Amino acid sequence: PELDDRDLKGTNSASLLSVDGLPENRFQQGKDDYCVFYGAANGIAFFGDLRIAEVIANRAESSLDADNQMHALKQLLDSFECAGWSVEALGTRYEPSPYPTVIHILGSDGSGSHSITTVGNFIFDANDKYPRLLNQQNLDICAGNEINGCTFAGVLNAYRLIPSRRICEKLATKLGK
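Fair warning: this is a prediction, and the values are worked out from it, not measured in the lab. (Residues numbered from 1 in each chain as written. Predicted model: local features only at pLDDT ≥ 70, side-chain atom pairs only at ≥ 80, totals over all residues. Heavy atoms only, no water.)

(A) Geometry of the pattern of salt bridges. Under the definition given, this model contains five salt bridges. R132 is the partner of D128 in a salt bridge, and the nearest nitrogen-oxygen pair spans 2.7 Å. In this structure R132 comes out as buried when scored by relative accessible area, which is 12%. Here E169 makes a salt bridge to R165, at a shortest N to O gap of 3.4 Å. One end of the pair is E169 and the other is R165, both in helix 7 (residues 165-174) and four residues apart, which spans about a single turn. (Salt bridge = Lys/Arg side-chain N within 4 Å of Asp/Glu carboxyl O. Buried < 20%, exposed > 50% of the residue type's maximum accessible area, 1.4 Å probe, protein only. Helix = DSSP H or I, 4+ residues; strand = E, 2+ residues; numbered from the N terminus.)

The structure is reproduced here in C-alpha cells:
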C-alpha cells in the first residue's frame with residue numbers, strides 16, 4: 001500500500017527531494033549491491049554511532065555471499081561485534097521511528113531488489129550522496145521511479161535497529177546533552 005502524508009507523520013510530499021544541511025552519506029554503493037549494509041551504516045552513523053557504522057560497512061562486501069542480506073545484517077547486529085545494538089523484526093509493518101529502520105522495499109512492478117534505511121523523517125539510500133526527506137515522492141525515487149517508472153508499493157521486510165540504554169547515554173554524553 002502507498003504511504004500518504006498522514007502515514008508519514010507530518011512530512012510533506014512537496015518537500016525538497018534532499019535535505020540541505022545534512023551530512024553526506026558516508027557509504028555510497030556505486031555499482032555494488034551494498035544497499036542493505038551501507039544504508040544501515042549510514043543510518044547508524046547519522047544516529048551517532050560511527051564505530052558500529054564502520055563495522056557494518058566493512059562487512060558489506062562479504063554480505064554478498066549471504067542468501068539473504070537482511071538476515072546477514074541481523075546476525076551481525078546480534079553478534080558480539082555490535083554489542084549494545086539489538087534488532088526488532090517488523091515484517092511488513094513499518095512506521096517512522098527515531099531509531100534506524102532497514103526496509104526491503106517492494107516496487108510497483110513486484111520487484112524487491114533494493115533496501116533503504118530510515119531514521120526519523122529521513123531516508124538513507126546507499127545510491128544517494130545525501131539523505132532525503134521521508135515522503136512518497138522520495139520513496140518512489142528509491143524504488144526506481146526515475147529509472148524505470150516503478151513506484152514504492154510497500155515493505156517486504158523491515159528491521160528496527162535499537163541501541164541499548166548504555167549506547168544512548170554514551171551518544172548523548174558525546175553530543176553534550
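(B) Spatial organisation of the environment of S113. On the secondary structure map, S113 appears in the loop between strand 2 (101-107) and strand 3 (114-119). With relative accessibility at 67%, the residue S113 sits in the exposed group. The spatial distance from the C-alpha of S113 to the C-alpha of G144 is 10.0 Å, given a sequence separation of 31 residues.

(C) Geometry of the packing of helix 1 (residues 35-47) against helix 4 (residues 69-77). Where helix 1 meets helix 4, the axes come as close as 9 Å, and the angle between the chain directions of the two elements is 45°. Considering the angle they form, helix 1 stands oblique to helix 4. Of the residues in helix 4, those in contact with V36, F37, A40 and I44 of helix 1 are Q69, M70, A72, L73, L76 and L77. The residue makeup of the contact of helix 1 with helix 4, split by class, is nine nonpolar, one polar and no charged. (Axes fitted to C-alpha atoms, helices over the stretch in contact; angles between N-to-C directions. Parallel < 35°, antiparallel > 145°, perpendicular 65-115°, else oblique. Contact = heavy atoms within 4.5 Å. Nonpolar A, V, L, I, M, F, W, Y, C, P; charged D, E, K, R; others polar.)

(D) Quick look at the pairing of strand 3. The buried fraction of strand 3 amounts to six of the six residues, a majority that puts the element mostly inside the structure. Of the two faces of strand 3, the one holding H114, I116 and T118 and the one holding S115, T117 and V119 are both buried throughout. Taking the residues between adjacent antiparallel strands as the criterion, strand 2 and strand 3 are bridged by six residues, where G110 takes a positive phi near 90°. Two strands pair when backbone bridges link them, and strand 3 and strand 4 (residues 122-124) are joined in this way by three bridges, in the antiparallel orientation. Its bridge partner being in strand 4, V119 is matched across the sheet by F122. In sequence, strand 3 turns back onto strand 4 through a hairpin of two residues, with G120 there showing a positive phi of about 60°. (Pairing = 2+ DSSP bridges.)

(E) Highlighting the nonpolar core. Core analysis: the largest hydrophobic core is formed by 36 residues, its most contacted members being F37, I44, I56, L73, L77, W85 and L161. For this core, the secondary-structure elements that each account for two or more residues are helix 1, helix 2 (50-58), helix 4, strand 1 (85-91), strand 4, strand 6 (152-163) and helix 7. No other element matches helix 1, which puts nine residues into this core. Those residues in contact with L73 that sit more than four places away from it in its chain are V36, F37, A40, I56 and V102. With 13 residues, the next largest nonpolar core counts Y94, I105, I116 and L134 among its residues. (Core = buried A, V, L, I, M, F, W, Y, C linked by side-chain atoms within 4.5 Å.)

(F) Layout of the sheet that holds strand 2. Read across the sheet, six strands follow the order 1-6-2-3-4-5 without closing on themselves; strand pairing throughout is antiparallel. Edge positions in the open sheet fall to strand 1 and strand 5 (132-133), since each of these has one partner strand only. The sheet contact formed by strand 2 and strand 3 spans five bridges and is antiparallel. Across the sheet, V102 pairs through a bridge with T117, a residue of strand 3. Relative to the sheet, helix 1 contacts strand 1, strand 2, strand 3, strand 4 and strand 6, its axis offset from that of strand 3 by approximately 10°.

(G) Fine view of a negative patch on the surface. Together, D32, D33, E61 and D65 make up a region of like negative charge exposed at the surface. Relative to the helices and strands, D33 resides in the segment before helix 1. (Patch = residues over 30% accessible without salt bridge, like charges linked within 9 Å, V, L, I, M, F, W, Y side chains within 5 Å. Areas by Shrake-Rupley, 256 points an atom, 1.4 Å probe, with all protein chains shown as cover. Lys, Arg positive; Asp, Glu negative; His and termini not counted. Charge placed at Lys NZ, Arg CZ, Asp CG, Glu CD.)

Keep in mind these values describe shape, not function.
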